[in-house]
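# Remarks on the overall topology
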There are 2 protein chains.
Amino acid sequence: MNKHVEFYLDFASPFAYFASFKIDEMAEKYGYTCEWIPMFLGAAFQKSGGKPFTEVPMKHEYSIMDTERTARFMEVPYQIPDVFPILSINPSRAFYWLQERDGNQVKAKKFAKAVFHAYFAENKNIMAPEVLAEVAKSIGEDPEEMGAGMQSAEIKEKFKVVNDSAIEKGVFGSPFFIVDGEAFWGSDRLWMIKRWMRSGGW
Amino acid sequence: MNKHVEFYLDFASPFAYFASFKIDEMAEKYGYTCEWIPMFLGAAFQKSGGKPFTEVPMKHEYSIMDTERTARFMEVPYQIPDVFPILSINPSRAFYWLQERDGNQVKAKKFAKAVFHAYFAENKNIMAPEVLAEVAKSIGEDPEEMGAGMQSAEIKEKFKVVNDSAIEKGVFGSPFFIVDGEAFWGSDRLWMIKRWMRSGGW
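Reading the values: the criteria
- Residues numbered from 1 in each chain as written.
- Chains lettered and ligands numbered in written order.
- Predicted model: local features only at pLDDT ≥ 70, side-chain atom pairs only at ≥ 80, totals over all residues.
- Heavy atoms only, no water.
- Helix = DSSP H or I, 4+ residues; strand = E, 2+ residues; numbered from the N terminus.
- Core = buried A, V, L, I, M, F, W, Y, C linked by side-chain atoms within 4.5 Å.
- Buried < 20%, exposed > 50% of the residue type's maximum accessible area, 1.4 Å probe, protein only.
- Contact = heavy atoms within 4.5 Å.
- Pairing = 2+ DSSP bridges.
- Axes fitted to C-alpha atoms, helices over the stretch in contact; angles between N-to-C directions.
- Patch = residues over 30% accessible without salt bridge, like charges linked within 9 Å, V, L, I, M, F, W, Y side chains within 5 Å.
- Areas by Shrake-Rupley, 256 points an atom, 1.4 Å probe, with all protein chains shown as cover.
- Salt bridge = Lys/Arg side-chain N within 4 Å of Asp/Glu carboxyl O.
- Lys, Arg positive; Asp, Glu negative; His and termini not counted.
- Charge placed at Lys NZ, Arg CZ, Asp CG, Glu CD.

In the segment running from Phe84 of chain B into Pro85 of chain B, the intervening peptide bond is cis, with an omega of -10 degrees. Looking at where Pro85 of chain B falls in the secondary structure, it is placed in the loop between helix H4 (59-74) and helix H5 (89-102). That bond from Ser174 of chain B to Pro175 of chain B is cis: its omega, 0 degrees, falls within 30 degrees of zero. As for its placement among the helices and strands, Pro175 of chain B is situated in the loop between helix H9 (153-168) and strand S3 (176-179). Of note in this structure, Met58 of chain A is not a glycine but carries a positive phi near 75 degrees. Within the secondary structure, Met58 of chain A is located in the loop between helix H3 (41-48) and helix H4 (59-74). Unlike most non-glycine residues, Asn123 of chain B shows phi in positive territory, near 60 degrees. As for its placement among the helices and strands, Asn123 of chain B is situated in the loop between helix H6 (106-121) and helix H7 (129-138).

Another point: the nonpolar core. Counting 77 residues, the largest nonpolar core has Val5, Trp36, Phe111 and Phe177 of chain B as its most contacted members. Ranked by residue count, the leading element in this core is H6 of chain B, at ten residues. Discounting residues that sit within four places of it in the chain, Phe111 of chain B has contacts with Pro91, Ala94, Phe95, Leu98, Leu132, Val135, Ile139 and Met146 of chain B. Counting 76 residues, the second-largest nonpolar core is a separate cluster that includes Met26, Tyr78, Val115 and Leu190 of chain A.

Residues and elements named next belong to chain A. Taking strand neighbours across the sheet as the criterion, the four strands line up as S2-S1-S3-S4 in an open arrangement whose pairing is mixed. A single partner strand is all that each edge strand has here, and the edge strands are strand S2 (33-38) and strand S4 (182-185). Sheet twist, expressed as the average angle between the axes of neighbouring strands with direction ignored, equals 20 degrees. In the sheet, strand S3 (residues 176-179) pairs with S4 via four bridges, with the strands oriented antiparallel.

The next point concerns a positive patch on the surface. All names here are of chain A. A cluster of basic residues, Lys22, Lys29, Lys194 and Arg198, forms a positive patch at the surface. Note that Arg198 resides in helix H10 (residues 190-199). For Arg198, a relative accessible area of 53% corresponds to the exposed category.

Rendered as structure tokens:
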């Protein structure tokens, strides 16, 4: 066993936002490494026929309420953003630009958390270049450098490969976790992941 | 607050089966009454556009695995039945026949648990009259009396009214709970329901 967690997330996903508060701490506690993998869930939906919950009658209204309740129970800042859901391609590419530049995810995770916060706590449009520039500055990055980097051909290709690979592995929702090769879908499966890690899988 | 749980279930739903082991005990612990409400989820799907997970690419394979893992973690007997999913109309009507006859759910719940067991633990076709006859006998009911009762016009009408009412209330999945008027979808929301009951809602 490699004791490794892949945390697939779409920046537009409230439940990925909720999971982002927990997964690193949980992994560390049980001696696991944790890799964040932003993806564009729309690509997987094309294969699965899935839809954002906002497009499903009955489920839509419930899910909005459920996210608000979950945030209240978790005591984390949250509101449904005005632009919701949103194409999450720009912040995802910026994430990979940081990761590829540094050869690790330290700064990239810091960026991801700031993106989630901007979107779900501050109601900002995270596709807008000026918002991403602000986020870059807030973590000590140069906005112009990041803006150029995330539009480079290498990063675009990298992001494409990530999405293809995620779909190949069966990732169809967000958040989605692959732990020692075992798949878990949804922030409400965190208790199962914890149990899996604690017992070393079974 | 009326301290009352409505537990909506489709007998074809593995996650309703899993929840059936927990909800009564949880309700009792916190001084809640619990009403089981079998329904035909297909009727709600017609409104929501939802589908059984078996019809969704990618999600299908994952969900089969997830139900097996959940059963393993819960230590309850489980296998995917050969006929899955299944039309759950006959056992649902039999449930309401028992409920209406007795004016309470004591026997009806006993029957429901036996139906879940026959389907998910013993791989029996719970739409088949001979299987329902066996289940009836196992809880001390006369199979012929039940067979006739569940086909009566009153019970058919009762079941129709139940389904219409469930859809009216926004029930789009199974299991689905309405606790003091608050909606919770999925067996993985039981921890939230527990918290809700303990704190008296908030």
